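Summary of the model geometry
Here is how the chains run, residue by residue.
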Amino acid sequence: MNTTNRRKFIATAATVAAGTAVASAIPSILKNTTMINRYPIVHHALFWLKNPNSKEDRDKLVAGVKSLGKIETIKELHVGVVASTEKRDVVDNSWGVSEVMFFADLEGQATYQSHPIHQQFIKDHSHLWEKVVVYDAVDA
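Residues numbered from 1 in each chain as written. Predicted model: local features only at pLDDT ≥ 70, side-chain atom pairs only at ≥ 80, totals over all residues. Heavy atoms only, no water.

All told, the structure shown has four salt bridges when counted by the stated rule. Close ionic contact of aspartate 59 with lysine 55 constitutes a salt bridge, the shortest N to O distance being 2.8 Å. Taken together, the residues span about one helical turn, with aspartate 59 and lysine 55 both in helix 3 (residues 55–67) at a distance of four residues. Where aspartate 59 meets arginine 58, a salt bridge forms, and the shortest distance between an N and an O atom there is 3.3 Å. Classification of aspartate 59 by relative accessible area gives partly exposed; the value is 33%. Overlapping salt bridges bring together Lys55, Arg58 and Asp59 as one network. (Salt bridge = Lys/Arg side-chain N within 4 Å of Asp/Glu carboxyl O. Helix = DSSP H or I, 4+ residues; strand = E, 2+ residues; numbered from the N terminus. Buried < 20%, exposed > 50% of the residue type's maximum accessible area, 1.4 Å probe, protein only.)

The following block contains the structure:
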């Protein structure tokens, strides 16, 4: 094989390898962007802390919310705190802790509500919050 053909072969092989890598990554990228289609029930709760300046109280509540992930009907769980994003009239950053849960169906969400882990969470952590607002949604 001469030098020109060898270079063409190497370039072609590199292009094929790169294309294969991109193609194999697409399912995981799509997996993350189609979460709502896989889990059509979304439960979003916002918690306002009784002591909003207490990092200790916030961290206790975050740990408590994360413990809810042990409930088998919760398919995905995201726990967050207020982001330092641009302040705009449409942005509400008055809350302290957020939970977003995804369920496969309404039965799974109902199971979560009455689950002993959820009931224990409320018992152990409700003293930390002043207010909770919940938004439940289904795919449109």
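That covers the picture; the talk isn't over yet.
Once that is clear, we can look at the side chain of threonine 73. Inspection of the secondary structure puts threonine 73 in the loop between helix 3 and strand 2 (76–81). Here glycine 108 takes part through its backbone oxygen, which lies 2.9 Å from a polar atom of the side chain of threonine 73. (Polar contact = N/O pair within 3.5 Å; in protein donor to acceptor, adjacent residues only side chain to side chain.)

A separate point is helix 4 (residues 106–114). By the burial criterion, the buried members of helix 4 are Gly108, Gln109 and Tyr112. Along the long axis of helix 4, the arc covered by the buried residues comes to 100°, so they all point the same way. Opposite the packed face of helix 4, turned more than 90 degrees from it, sit the exposed residues Leu106, Glu107 and Ser114. Where the residues of helix 4 are buried, they touch strand 1 (41–49), strand 3 (97–103), helix 5 (116–125) and strand 4 (129–138). (Arc of directions from axis to C-beta. Contact = heavy atoms within 4.5 Å.)

Spatially, the four strands line up as an open sheet ordered 2-3-1-4, and their pairing is antiparallel. Of all the strands in the sheet, the pair left with one neighbour each is strand 2 and strand 4. For this sheet, the mean angle separating the axes of adjacent strands, direction not counted, is 15°. The sheet contact formed by strand 2 and strand 3 spans six bridges and is antiparallel. (Pairing = 2+ DSSP bridges. Axes fitted to C-alpha atoms, helices over the stretch in contact; angles between N-to-C directions.)

Okay, the packing of helix 4 against helix 5 next. It is at 5 Å that the axes of helix 4 and helix 5 come closest, and there the two elements cross at 45°. With respect to their mutual orientation, helix 4 and helix 5 come out oblique. Counted together, Tyr112, Gln113 and Ser114 of helix 4 and Pro116, His118 and Gln119 of helix 5 form the full contact between these two elements. (Parallel < 35°, antiparallel > 145°, perpendicular 65-115°, else oblique.)

Okay, the packing of aromatic side chains next. Following the criterion strictly, the structure yields four aromatic pairs and no others. Look at phenylalanine 47 and tryptophan 129: their rings are 5.1 Å apart centre to centre, the planes differ by 55°, and that puts the pair in the tilted class. With phenylalanine 47 in strand 1 and tryptophan 129 in strand 4, this residue pair connects regions lying 82 residues apart in the sequence. Just as phenylalanine 47 is buried, tryptophan 129 falls in that class too. With centroids separated by 5.6 Å and ring planes inclined at 45°, the aromatic side chains of phenylalanine 103 and tyrosine 112 adopt a geometry described as tilted. Accessibility assignment for this pair places phenylalanine 103 and tyrosine 112 in one class, buried. An aromatic cluster of three or more residues is present, and its members are Phe47, Phe121 and Trp129. Over the ring of tryptophan 48 we find lysine 131; its NZ or CZ atom is 4.3 Å from the centre of that ring. (Phe/Tyr/Trp six-rings, centres within 6.5 Å; stacked < 30°, edge-to-face > 60°. Lys NZ or Arg CZ within 6 Å of the ring centre and 35° of its normal.)

Any functional reading would require information beyond the geometric quantities listed.
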